[in-house]
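Chain by chain, the residues run as shown.
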Amino acid sequence: MGDYGAPLFLAWQLTNRCTGSCLHCCEESGPDKAWPDEMSREQCLSLARQIARMGVPYVAFGGGEPMGSPHVWEIFEILARGGVEIKIETNGLLLDDAACDRLKALNVACVQISIDGATAAVHEGLRPGSGYAPAWEAIDRLVSRGLGPELVFIPTKLNVSGAVAVYEQAARRGVRTFVTGPLMRLGRAAAAWEALACSEEQWAAAAEALRQASLREKGPRLALYPWGIQAEMKTRAESPQAMVLVVPNGRVKLLNALPFAAADLKTETLAAAWPKVAAAWRRPEVQDFVRRAQSDPGLLRHANECWDVALAGA
Ligand code: SF4
C-alpha cells in the first residue's frame, strides 16, 4: 500500500442502523443499533469531497443499511461529480423505482443485494426485518435499468443446501454476479457460531455445486470468496491492500475483523489518515493480534470495537 498516495478503495459504513436484524450480521446492526457518535451530515459531506479531491477511484457503502442514511444521496452526488465509482451493499428495501432511477442517473458501478434462501421462510428466518419479495423486486428494478445487480448469498447451516436453487433463481432474474464465500466469524455470526456455521465439508460441497451450476446455467458470474476471516486477516497483514475502512463514527480501521483504529476522520483529514493506516499495519500489536487470532477465534469478539493503535512511529 505504500506505493499509493491515496487509497485505491474506501469501504464506508455510513451507519450501524438497519431495518434488518440478521442472525449472522458481522456488524451487529439493527433498528436500534445506530452508534451514538455517528458522523454528522457535514462531516460525511466533507469526507466525500476529500475522497473526490484525493482521487480515490472506488467507494463501497455498507453499514448497517447505507440507504437509510439521511445524507446518502448528497454523498453519492459529490462522489459521482468527482468521478468516484460507487458500490452499495444493501438489503434492497429502500430501492423503489425512484431510488433506482437515481442510481441509474448516478451510473453506480455495483449494487449488491443479499438473498439468503430459495424461499421467503429461509431468507426471512436468517434475516428478520429484511424482506424476501422486496429484495427480489429491487433486483428486478435494477436489472430493468441495466444496472447489473449482484446477489450476495451467505452460507449457514440453515440455508447452505439451497445455494444452487438461489443461483438458479438469480440466473432467471438476470443477476450479473452471484457472490458468496464462507460465513465470516464476526459479530452475531461469531456469537452464534455453533448454531449457524456449516461444516467445511458442507461449504466445499456447496461451492462445487455452485461451480457446476454456473457451467450449466449461463447464469451470473460466480464470485467465490476463497477463505474465511482468519485467513483474510493473515493474508492482509502480510500484504495490506491499499484500502481504508471508515466506520460510522469516522474512525479509520484496517479491516472489519480487527479492532484497531488508526485515525479519526472527525478531527483529521483523509490525507493525514492514509499514511497512518500503512503504519498501523506494521505495528507489533496488530501483527501479534492477527497471529494469535489464527488459533484463538475468541479474539474475533473484539472485531466491532475501536482500539487506538499507538502510532508513535508513524
Ligand atoms: S441487512 Fe446487512 S447490515 Fe442489516 S442486519 Fe442484515 S447483515 Fe446486518
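This text goes with the structure placed above it.
Residues numbered from 1 in each chain as written. Predicted model: local features only at pLDDT ≥ 70, side-chain atom pairs only at ≥ 80, totals over all residues. Heavy atoms only, no water.

Trainee: It is not clear to me how the sheet that holds strand 2 (residues 58-62) should be interpreted in this structure. Could you clarify?
Mentor: Within a sheet, neighbouring strands are paired by backbone hydrogen bonds and run either parallel or antiparallel to one another. Spatial strand order, 7-6-5-4-3-2-1-8-9-10-11: 11 strands in an open sheet with mixed pairing. Across the chains shown, the open sheet's two edge strands, defined by having one partner strand only, are strand 7 (221-224) and strand 11 (307-308). Sheet topology note: the strand 6 (residues 177-180)/strand 7 ladder contains 4 bridges and is parallel. Counterpart to Thr177 in the pairing with strand 7 is Arg221. Sitting on the sheet, helix 9 (residues 200-217) touches strand 6 and strand 7, and the angle it makes with strand 7 is about 160 degrees. (Pairing = 2+ DSSP bridges. Helix = DSSP H or I, 4+ residues; strand = E, 2+ residues; numbered from the N terminus. Contact = heavy atoms within 4.5 Å. Axes fitted to C-alpha atoms, helices over the stretch in contact; angles between N-to-C directions.)

Trainee: Help me out: how do you make sense of helix 6 (residues 163-173) in this one?
Mentor: Because an α-helix packs 3.6 residues into every turn, residues spaced three or four apart end up facing the same way. Burial in helix 6 covers these residues: Ala163, Val164, Val166, Tyr167, Gln169 and Ala170. Packing partners of the buried residues in helix 6 comprise helix 5 (132-144), strand 5 (150-153), strand 6 and helix 9. (Buried < 20%, exposed > 50% of the residue type's maximum accessible area, 1.4 Å probe, protein only.)

Trainee: What exactly am I supposed to notice about the packing of helix 5 against helix 6 here?
Mentor: A pair of packed helices can be characterised by two numbers: the angle between their axes and the separation between those axes. With their axes 10 Å apart at the nearest point, helix 5 and helix 6 run at an angle of 35 degrees to one another. Contacts between helix 5 and helix 6 involve Tyr132, Trp136, Asp140 and Val143 from the first element and Val166, Gln169, Ala170 and Arg173 from the second. Here the residues of the contact of helix 5 with helix 6 sort into 5 nonpolar, 1 polar and 2 charged. (Nonpolar A, V, L, I, M, F, W, Y, C, P; charged D, E, K, R; others polar.)

Trainee: I'm lost on the site of the ligand in this one. Help?
Mentor: The full set of residues close to the ligand is Cys18, Gly20, Ser21, Cys22, Cys25, Ser29, Gly64, Arg127, Ser130 and Arg188. Here the residues of the shell around the ligand sort into 3 nonpolar, 5 polar and 2 charged. (Near = heavy atom within 4 Å.)

Trainee: In this structure, what is going on with the packing of helix 11 (residues 270-282) against helix 12 (residues 284-293)? I would like to understand it.
Mentor: Running from amino to carboxyl end, helix 11 crosses helix 12 at an angle of 55 degrees, the nearest separation of the two axes being 5 Å. The angle between helix 11 and helix 12 falls in the class oblique. Together, Ala280, Trp281 and Arg282 of helix 11 and Pro284, Val286 and Gln287 of helix 12 make up the contact between the two elements. In terms of residue class, the contact of helix 11 with helix 12 is made up of 4 nonpolar, 1 polar and 1 charged. (Parallel < 35°, antiparallel > 145°, perpendicular 65-115°, else oblique.)

Trainee: What's the story with empty space enclosed by the protein in this structure? I'm lost.
Mentor: If a probe as big as a water molecule is rolled over the atoms, it shows which places are left empty. With the rule as written, the count across this model stands at 1 cavity of 30 Å³ or more. One number sums up the size of the largest cavity: a volume of about 50 Å³. Its residues assigned to classes, the lining of the largest cavity shows 4 nonpolar, 4 polar and 2 charged. (1 Å grid on protein atoms, 1.4 Å probe; cavity = no way out; pocket = protein on both sides within 12 Å on 5 of 7 lines; lining within 4 Å. Points joined across faces, edges and corners; volume = space filled by probe spheres on them.)

Trainee: Sorry if this is basic, but what is going on with the environment of Ala273 here?
Mentor: Within the secondary structure, Ala273 is located in helix 11. When near neighbours in sequence (up to four residues on either side) are disregarded, Ala273 contacts Val252, Ala263 and Leu265.

Trainee: Can you walk me through unusual backbone geometry in this structure?
Mentor: What is expected of a backbone is that most residues other than glycine have negative phi and most peptide bonds are trans. Each neighbour pair has its own omega, and for Gly63 with Gly64 the value is 10 degrees, a cis peptide bond. A positive phi is found at Glu28, a non-glycine position, where the angle reads about 55 degrees. Residue position: Glu28 is located in the loop between strand 1 (9-13) and helix 1 (41-54). Its relative accessible area of 33% is what places Glu28 among the partly exposed residues. A positive phi angle, near 55 degrees, is found at Asn107, a position not held by glycine. Along the chain, Asn107 turns up in the loop between helix 3 (97-106) and strand 4 (110-114).

Trainee: What is the right way to look at the nonpolar core in this model?
Mentor: Nonpolar side chains in soluble globular proteins tend to be buried together. Counting residues in each nonpolar core, the largest one holds 83 residues, and the members touching the most others are Trp12, Ile51, Phe76, Leu95, Leu103, Leu151 and Leu258. Those residues in contact with Leu103 that sit more than four places away from it in its chain are Trp73, Phe76, Ile88, Leu95, Val108, Val111, Leu142 and Leu147. If you look at the next biggest cluster of nonpolar residues, it comprises 6 residues, including Leu126, Ala189, Leu196 and Ala197. (Core = buried A, V, L, I, M, F, W, Y, C linked by side-chain atoms within 4.5 Å.)

So yeah, pure geometry; function would need other evidence.
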